[in-house]
Amino acid sequence: MTTANKEVWFVTGSQHLYGPKVLEEVAGNSQALAAGLNESQKLPVKVVYKDTVKSSAEIHQVCQQANSDKNCIGLILWMHTFSPAKMWIAGLNELRKPWLHLHTQFNAGLPWGDINMNYMNTHQAAHGDREFGFIGTRMRKERKVVVGHWQRPEVLEQLNGWCRAAMGWAESQSLKVVRFGDNMRNVAVTEGDKVAAQIAFGYEVHAYGLNDLADSVNDISDADANAQLDTYFQEYEISEDTLKDDYARERLLKEAKLELGMQKFMDDGGFSAFTNCFENLAGLSGLPGLATQRLMAKGYGYGAEGDWKTAAMVRIMKVMGQGREGGCSFMEDYTYNMTDTVDQVLGAHMLEVCPSIAAKKPRLEVHHHTIGVKCDVPRLLFSAKPGPAINVSPIDMGNRFRILVNEVDAVNPPDNTPNLPVASALWEPKPNLKTAAAAWIHAGGAHHTVYSQAVTTEMVEDFADMAGVETVVIDDDTNIRSLKSELRYNAAYYHLKQGV
Ligand code: MN
């Protein structure tokens, strides 16, 4: 995708008080630590060691360099020794990239037989990092704080997660979303303030008429569409009947042109996410099904019915989760399985569920689409892999944004669904449907979400912190009374935070 050249800078804070010998040791340890992070192969981007900074001017300089370096997606800051924090004010005032405060120490255990004051003065992150922490809090700076010895697996995992959030944030700054047509008429939650979204998240949203897209689709040659069919037949299960059926083949060719036409339109325009709406399909052969599913699998974000907020979030979370187990899809809470023993949600959409979440090789079938627009549409059928997942919903509260997360457990469906012509995911929300759905509704969560098994709650929280946007997490600890209080406190906090 887009993160091959991205890097996180490692900056160690100190001061001149200790003299050159200690500073040499500090620099050597910092280099070794940064190298160790790279060698762990646990982080998704390269860690680049920058010098130990020892003065206000050096701190200011490295912060300015980070701001203007297009490959730098964030900074890890660590005070190996004491670094009087007034020296950090000018730099932190200007720093525009996300930063993480790593509260660690070069050596894990103390050398009891050898420890002396020299050792104590060299390894004093225990109080150096507290002085630095104060100025971050005093300046009301959002940042991640990770605590523990830097070689511990859980510390590396937190660094990994934060780097992924920073990848998502960097993506969000340059993301362009294309809207083919407008929002579904009368729907509230898919609306929103695109200017406010660009200010908060960086991404741009642009609308195009369907004639522009139709031109791009019609420009796809029969030869290219035919070649695309071979790819379909290789990648998916397909029945002999469908393979022999001329009408199915004609629909598949039209779908291939939709896929290639939409992709060309997006690539030519620099778009990495898109929306469409079944109410605006003029000039197209139908509502794209397989085409949209495949574009999502290639990494494009998607939101149905004009839902540009979810489209952007699908793309951002695909970037955050890249290279990890588990996929990421546009999703909708569709219908419930409420029985004496379980409460479950069957998630799906009219057509557009990404095969990156499939438990096994999807089946390619052509079925009649009956909602909103009537046409025969090729689509992929599968159910989602069981295991932990999250549903994420970015919503516009009118004066600000909120990102909701519900942790869920995906499960295998108890039975076959021979008459269901769409892909689906079955899950049990945490802590249970009764609490989760009440919490979701109180918080104003949408019916559209981003479903992912690759991205964690903590990554989404880190991303929202980078944006300065509220996160509401619904998990095993949620209870409705405290959630309602949290929503009220947050309403006051985010209102005050915005100023006049
Ligand atoms: Mn929908």
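The structure we're discussing is the one just above.
Overview of the structure. All of these numbers come straight from a predicted model, not from anything done at the bench.

Considering the nonpolar core
Then, number 1: Counting residues in hydrophobic clusters, the biggest one holds 89 residues, and the most contacted among them are Phe-10, Leu-37, Phe-201 and Tyr-203.
Then, number 2: Two domains each provide a minimum of three residues to this core, namely domain 1 (7–163) and domain 2 (175–497).
Then, number 3: The residues touching Leu-37, leaving out its near neighbours within four places in the chain, are Phe-10, Leu-43, Val-47, Ile-76, Trp-150, Leu-156 and Leu-159.
Then, number 4: One finds Leu-229, Leu-290, Ala-358 and Trp-427 within the second-largest nonpolar core, a separate group that totals 26 residues.

Quick look at unusual backbone geometry
Then, number 1: At the junction of Lys-430 and Pro-431, the peptide bond is cis and its omega measures out at 0° in the coordinates.
Then, number 2: With respect to the helices, strands and loops of the structure, Pro-431 is situated in the loop between β16 (424–429) and α14 (433–443).
Then, number 3: Not every positive phi belongs to a glycine, and Asn-186 is a case in point at roughly 75°.
Then, number 4: Tracing the backbone through its elements, the reader meets Asn-186 in the loop between β6 (176–180) and α7 (194–201).
Then, number 5: Positive phi, normally seen in glycine, also occurs at Glu-305, with a value near 55°.
Then, number 6: If you trace the backbone, Glu-305 turns up in the loop between β9 (301–303) and α13 (308–321).
Then, number 7: A relative accessible area of 8% means that Glu-305 is categorised as buried.

A look at the sheet that holds β9
Then, number 1: The parallel open sheet is built from four strands, whose spatial order is β7-β6-β8-β9. Edge positions in the sheet fall to β7 (204–208) and β9, since each has one partner strand and no second. Looking at each pair of strands side by side, their axes are set apart by 20° on average, direction ignored.
Then, number 2: Two elements, β6 and strand β8 (residues 273–275), share three bridges in a ladder whose sense is parallel. Within the sheet, the bridge partner assigned to Val-177 lies in β8 and is Ala-273.
Then, number 3: Across the face of the sheet, α13 comes into contact with β6, β7, β8 and β9 while running at roughly 155° to β9.

A few points about the coordination of the manganese ion
Then, number 1: Here the manganese ion is held by the protein donor atoms Glu-305 (OE), Glu-332 (OE), His-349 (NE2) and His-448 (NE2), which lie 2.1 to 2.2 Å from it.
Then, number 2: One chain supplies every donor to the manganese ion, and in sequence these donors are spaced E-x26-E-x16-H-x98-H. Of the two residues, Glu-305 sits in the loop between β9 and α13 while Glu-332 sits in strand β10 (residues 328–338), which places them 27 residues apart along the sequence. The pair formed by Glu-305 and Glu-332 is uniform in burial state, with each residue classed as buried.

A look at the sheet that holds strand β1 (residues 7–13)
Then, number 1: With parallel pairing, the five strands of this open sheet are ordered in space as β2-β1-β3-β4-β5. The sheet is open, and its two borders are formed by β2 (46–53) and β5 (144–147), each paired with just one other strand. Going across the sheet, the axis of each strand differs from the next one's by a mean of 25°, ignoring polarity.
Then, number 2: Looking at chain direction, β1 and β2 are connected through six bridges and run parallel. Within β2, the residue paired with Phe-10 across the bridge is Tyr-49.
Then, number 3: Helix-sheet contacts for helix α2 (residues 56–68) involve β1, β2 and β3 (72–79), and the interaxial angle to β2 is about 155°.
Then, number 4: Of the strands in this sheet, β3 and β4 (99–103) are in contact with helix α5 (residues 125–138), which crosses β4 at around 150°.

A few points about the pattern of salt bridges
Then, number 1: Under the criterion given, the structure shown has 16 salt bridges.
Then, number 2: With a shortest N-O distance of 2.6 Å, Asp-182 and Arg-179 are connected by a salt bridge.
Then, number 3: On the accessibility criterion, Arg-179 (6% relative accessible area) is buried.
Then, number 4: Three or more residues joined by partner-sharing salt bridges are found here, namely Glu-235, Glu-259, Arg-294 and Lys-298.

Basis of the calculations
- Residues numbered from 1 in each chain as written.
- Predicted model: local features only at pLDDT ≥ 70, side-chain atom pairs only at ≥ 80, totals over all residues.
- Heavy atoms only, no water.
- Core = buried A, V, L, I, M, F, W, Y, C linked by side-chain atoms within 4.5 Å.
- Buried < 20%, exposed > 50% of the residue type's maximum accessible area, 1.4 Å probe, protein only.
- Domains from an automatic or database assignment.
- Contact = heavy atoms within 4.5 Å.
- Helix = DSSP H or I, 4+ residues; strand = E, 2+ residues; numbered from the N terminus.
- Pairing = 2+ DSSP bridges.
- Axes fitted to C-alpha atoms, helices over the stretch in contact; angles between N-to-C directions.
- Donors = N, O, S within 2.8 Å, 3.2 Å for Na, K, Ca; no water.
- Salt bridge = Lys/Arg side-chain N within 4 Å of Asp/Glu carboxyl O.

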